[in-house]
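Geometric and topological summary
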Amino acid sequence: MKEKLLKKFAELFGDADGVKVYFAPGRVNLIGEHTDYNGGHVFPCALTIGTYGAARKRQDNKLHFYSLNFERAGLLESAADDLGEAKESDWTNYPKGVMWAFAKRGFEMPCGMDMVIFGNIPNGSGLSSSASLEVLTGYILRDLYGFDVTNVDLALIGQYAENNYNGMNCGIMDQFASAMGKKDNAIFLDTADLSYEYAPLVLEGAKVVVTNSKVKHSLVNSAYNQRRSECETALAELQKVVDIKGLGDLSEEEFEKHKSAIGDEVRVRRAKHAVYENQRTIRAVKALKNNDIKLFGELMNASHVSLRDDYEVSCEEIDILVDEAWKIPGVIGSRITGGGFGGCTVSIVKDEAIDTFKEQVEKAYEEKTGKTAEFYIVEIGDGPYIL
Ligand code: GLA
C-alpha cells in the first residue's frame, strides 16, 4: 500500500522525498446503535481496513488532493486559507472540513499540503469510511504542523467537521472508534461524558462476521437527522417531568413511568429504542466480561428488532440478511450495524458454522433480492498510525 501511494505521489508532485504514509481505520459497532447522540453507550471496534494517505507540506498555501478511489475526479485543488464551506459534493469535503474545523479551534495551517489517499472500506457500506478519512486528515495535520491535540480531540474535530461542514448530524461513535481503536479490543464508550474502557473481544470458538448488503438507500442523511431531531423533541418533553440530560440517563422502568409526557406515538418508539438500547449495551458488555456470549448474542438480536420496529432504520435487504442468519445454528447473534437504511449486518458466528453461514445467507439473499452479499471476517485493529 505504502509503495502504491508513494508512487502516485511522485507521479503527481515530482518526487516523494520526505513523504509519510498514514492510516486511520473504519469501525464496526457491535451493539449500542443510535445511542451516541442520546447520551448513551456504544460498543464499537476499529477495523484493520480504513483509509491510507500520503502527505507532505507545501511551500505555498495550496491544497492538492488525489484519491486512488476516484481517479476520474483527477487532482483537486483548494487553498488552505479559503475553506469557507462545503461546495460541490466531492470527497474532498471530508479533509477540507477537518482543516476548517482545526482553524475554528485556532489551529490555522501555516501552509498548504499535497495529499494522496486510498481507502479499502467498501463505499457506502456503513463501516465509516468518512470518519476514517476525517481522523486520517486530523492525524496528518497534527503530525505535519505539530498541532497540540489528543486522539480524542481528533475524534471531536472530525465529528464537528461532519456536523458543521458536511451537514450530517452524526454522534461521536465513528470518529471515536477510529481515533481510539485498539487491536483485539472493543471500546465501551459512554457518550454522555466520553469516559471509556477497552474490553478484549474474546469469543472462544466464534468470530465476528460483517455482511455487506451492498445497498444504500438514498436520503440516509436526512432520515438520520430526522431521527435525531425526534429524539431531541422527545427528550425536551420528558425533561418537563423528569430531571435528565439525555435519554441515556433513563432506565427502562423510569422510561415506562414517564413516557406519557411524550406527545406522539412515533416519538415514544424512537425514545424507547434509545433508552432500551443503551441498557442493552451496558448489559451486553457485562455479559462479555462474564464470558456469556450467548446473552451477548441475544442482546444483539433484540437490538435489531428494536432498530427495525421502533427506530425504523432497517430495510428489506438488511432484514433478509438478519432473518437468514438467525435461522442458522451456530449464529450467536446478528443485527444491523451503523446508521442504517442499508449497509452491513454484524453477526457472531461459531467457527464451525462460518462456511454454512456464508453459503446459506448468500444463496437466500440472492434468491430474494437478486443481489450478491459480501462477507468479511472482522479483524480488530489499532487507531491511526504512520506506516
Ligand atoms: C452513524 C453515525 C454514528 C451513530 C450511528 C448509529 O454511523 O455516524 O454517530 O449515530 O450512525 O449508531
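Definitions and cut-offs
- Residues numbered from 1 in each chain as written.
- Predicted model: local features only at pLDDT ≥ 70, side-chain atom pairs only at ≥ 80, totals over all residues.
- Heavy atoms only, no water.
- Axes fitted to C-alpha atoms, helices over the stretch in contact; angles between N-to-C directions.
- Helix = DSSP H or I, 4+ residues; strand = E, 2+ residues; numbered from the N terminus.
- Parallel < 35°, antiparallel > 145°, perpendicular 65-115°, else oblique.
- Left-handed = near helix turned anticlockwise from the far one by under 90°.
- Contact = heavy atoms within 4.5 Å.
- Nonpolar A, V, L, I, M, F, W, Y, C, P; charged D, E, K, R; others polar.
- Pairing = 2+ DSSP bridges.
- Phe/Tyr/Trp six-rings, centres within 6.5 Å; stacked < 30°, edge-to-face > 60°.
- Buried < 20%, exposed > 50% of the residue type's maximum accessible area, 1.4 Å probe, protein only.
- Lys NZ or Arg CZ within 6 Å of the ring centre and 35° of its normal.
- Disulfide = S-S within 2.5 Å.
- Near = heavy atom within 4 Å.
- Polar contact = N/O pair within 3.5 Å; in protein donor to acceptor, adjacent residues only side chain to side chain.
- Areas by Shrake-Rupley, 256 points an atom, 1.4 Å probe, with all protein chains shown as cover.
- 1 Å grid on protein atoms, 1.4 Å probe; cavity = no way out; pocket = protein on both sides within 12 Å on 5 of 7 lines; lining within 4 Å.
- Sits in = over half its atoms within 2 Å of the grid points.

With their axes 9 Å apart at the nearest point, helix H3 (residues 129–145) and helix H4 (residues 151–164) run at an angle of 125° to one another. By the criterion of interaxial angle, the relationship of H3 to H4 is oblique. The way H3 lies across H4 gives a crossing that is right-handed. Residue-level inspection shows Ser130, Glu134, Gly138, Tyr139 and Arg142 of H3 in contact with H4, the latter providing Asn151, Leu154, Gly158 and Glu162. Here the residues of the contact of H3 with H4 are counted per class, giving two nonpolar, four polar and three charged.

On the basis of which strands lie adjacent, the open sheet formed by six strands has the order E5-E4-E6-E3-E1-E13 and mixed pairing. Of all the strands in the sheet, the pair left with one neighbour each is strand E5 (76–79) and strand E13 (385–386). Bridge analysis of strand E4 (residues 62–67) against E5 gives four bridges, and the strand direction is antiparallel. Looking at the pairing, Lys62 lines up with Ala79 of E5. Packed onto the sheet, H3 meets strand E1 (20–29), strand E3 (44–57), strand E6 (113–119) and E13 and runs at close to 45° relative to E3.

This part is about the packing of aromatic side chains. Applying the stated criterion to the full structure yields 18 aromatic pairs. Summarising the aromatic geometry, the rings of Phe23 and Tyr385 are spaced 5.2 Å apart at their centres and angled 45° between planes, so their arrangement reads as tilted. Placement of the pair is Phe23 in strand E1 and Tyr385 in strand E13, with a sequence separation of 362 residues. Under the relative-accessibility criterion, Tyr385 is labelled partly exposed at 32%. Judged by centre distance (5.4 Å) and plane angle (50°), the ring pair of Trp100 and Tyr165 falls under tilted. Remark: Tyr165 occurs in the loop between H4 and helix H5 (173–180) and Trp100 occurs in helix H2 (residues 93–104); sequence separation between them is 65 residues. Taken individually, Trp100 and Tyr165 each receive the classification buried, so the pair is uniform in this respect. Grouped by ring-pair contacts, the aromatic residues Phe102, Phe107, Tyr145 and Phe147 constitute a single cluster. Directly above the aromatic system of Phe118 lies the positively charged group of Lys4, at a separation of 4.4 Å from the ring centroid.

Read across the sheet, four strands follow the order E10-E11-E9-E12 without closing on themselves; strand pairing throughout is antiparallel. Taken across any chain shown, the strands that pair with only one partner, and hence form the sheet edges, are strand E10 (331–337) and strand E12 (374–377). Each strand axis lies, on average, 20° off the axis of its neighbour in the sheet, ignoring direction. Pairing of E10 with strand E11 (residues 342–350) involves six bridges; the strand directions are antiparallel. Note on E11: the bridge partner recorded for Gly333 is Ile348. Contacts from helix H9 (residues 293–309) reach E10 and E11, with the element oriented near 35° to E10.

Moving on: the pairing of E1. Most of E1 sits inside the fold, with nine of its ten residues counted as buried. Pairing geometry for E1 and E13, over two bridges, is antiparallel. Residue Phe23 lies in a different strand from E13, and its bridge partner there is Tyr385.

Here we come to the state of the cysteines. Taken as a whole and assessed by the stated rule, the structure comprises zero disulfides. The cysteine Cys315 is free of any disulfide, with Cys344 supplying the nearest cysteine sulfur at 11 Å. According to the relative accessible area criterion, Cys315 is buried, its value standing at 10%. For Cys344, a relative accessible area of 0% gives the class buried.

Below, the discussion takes up the site of the ligand. All residues adjacent to the ligand are Arg27, Glu33, His34, Asp36, Tyr37, Cys170, Gly171, Met173, Asp174, Tyr224, Gly338 and Gly339. Take His34: an N or O atom from its main chain is 2.7 Å from an oxygen atom of the ligand. Between Tyr224 and the ligand, the recorded distance is 2.5 Å, taken from a side-chain N or O atom to an oxygen atom. Considering the ligand on its own, with 310 Å² of exposed area, one finds that the protein chains cover 95% of that surface. Comparing atom positions with the cavity grids shows the ligand to sit within the largest pocket. Partitioning the shell around the ligand into residue classes produces four nonpolar, four polar and four charged.

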